[in-house]
Amino acid sequence: AKHNAVVRKMLAVETLGSTTIICTDKTGTLTKNEMTVEKIFVDDKIYKITGKGYEPKGEFFIGNKKIDVNAHENLVLLLSAVSLCNNAIIREIDGIWHNIGDPTEVALIVAGAKADLWRKDLEVKYPRIREITFSSERKLMTTVHKADDELIVYSKGALEVILKKCGFIKKNNKIEKLNDVEIEKILKMQKELASSSYRVLGVAYKKICNDDYSNLNDNDIENNLIFLGLVGMT
């Protein structure tokens, strides 16, 4: 009663008293339905990102060392990819940040903004010309963007789906064949992140010629992608 709780059936209290595991749909019940990107795996490195919630303020670290994001090309590419392959919006109104869209996509937009990679600015430079939408069956979203005399494809989604679509990997600014050793390394990192309660997404991209684009279907566009890295969200 001191805690403003009224029990109608004492049996319920007895049952709860002997409960050891509770399974629940936590989103919006035990949590705020708010995601935050905290770790990114690129170039065999783990980048840590500070900041909570949807305010686009935070810093990037490798271990305990603060870094300049712009000095890490593949990190910039991954953050650009998840910001462009995205339909969420964040905006500041009277000093408070508001968002529209899926919490996962909002978290990705915020991560990019922390590195001063704002979606609205990126879309001016790389306008979207096509979207292959996400669905629970596909577990993947892809967008195609104009970039000077070529097109860039960005994809994000469940790692097992992304890996099946990838034939290459970009590491240390070089594009290499995605072999079994690299796949094992990626899956090991996914397991580590997942065991620490992170939700993990895979990110990939590729470039295509303008002349080839009109002849490509969705499967062609999402085939032979170049793996970029993993995003860990809490």
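First, a word on what this report is: a plain description of the structure on this page. (Residues numbered from 1 in each chain as written. Predicted model: local features only at pLDDT ≥ 70, side-chain atom pairs only at ≥ 80, totals over all residues. Heavy atoms only, no water.)

Side note on the side chain of His145
Then comes step 1: Relative to the helices and strands, His145 resides in strand S8 (residues 140–147).
Then comes step 2: Within the local environment of His145, its side chain forms a polar contact with the backbone oxygen of Tyr126, the two atoms lying 2.9 Å apart.
Then comes step 3: In this view, His145 contacts Leu84, Tyr126, Pro127, Arg128, Glu150, Leu151, Ile152 and Tyr154; residues no more than four positions away in its chain are not counted. (Helix = DSSP H or I, 4+ residues; strand = E, 2+ residues; numbered from the N terminus. Polar contact = N/O pair within 3.5 Å; in protein donor to acceptor, adjacent residues only side chain to side chain. Contact = heavy atoms within 4.5 Å.)

Some thoughts on the environment of Glu150
Then comes step 1: When you line up the elements, Glu150 lands in strand S9 (residues 150–157).
Then comes step 2: Considered as a pair, Glu150 and Phe61 are 89 residues apart in the sequence and their alpha carbons are 33 Å apart.
Then comes step 3: The residues touching Glu150, leaving out its near neighbours within four places in the chain, are His145, Lys207, Ile208 and Asn210.

A closer look at the nonpolar core
Then comes step 1: In this structure, Val37, Ile40, Leu79 and Val231 are the most contacted members of the largest nonpolar core, which totals 36 residues.
Then comes step 2: At the level of elements, strand S1 (37–42), strand S2 (45–49), helix H2 (73–84), helix H3 (103–114), S8, S9, strand S12 (199–209) and strand S13 (225–233) are the ones that each hand at least two residues to this core.
Then comes step 3: It is H2 that contributes the most residues to this core, eight residues altogether.
Then comes step 4: Apart from the residues within four sequence positions on either side, Val37 is in contact with Ile49, Ala107, Leu108, Ala111, Val231, Gly232 and Met233.
Then comes step 5: Within the second largest apolar cluster, 26 residues are counted, among which are Val200, Ile208, Tyr213 and Leu225. (Core = buried A, V, L, I, M, F, W, Y, C linked by side-chain atoms within 4.5 Å. Buried < 20%, exposed > 50% of the residue type's maximum accessible area, 1.4 Å probe, protein only.)

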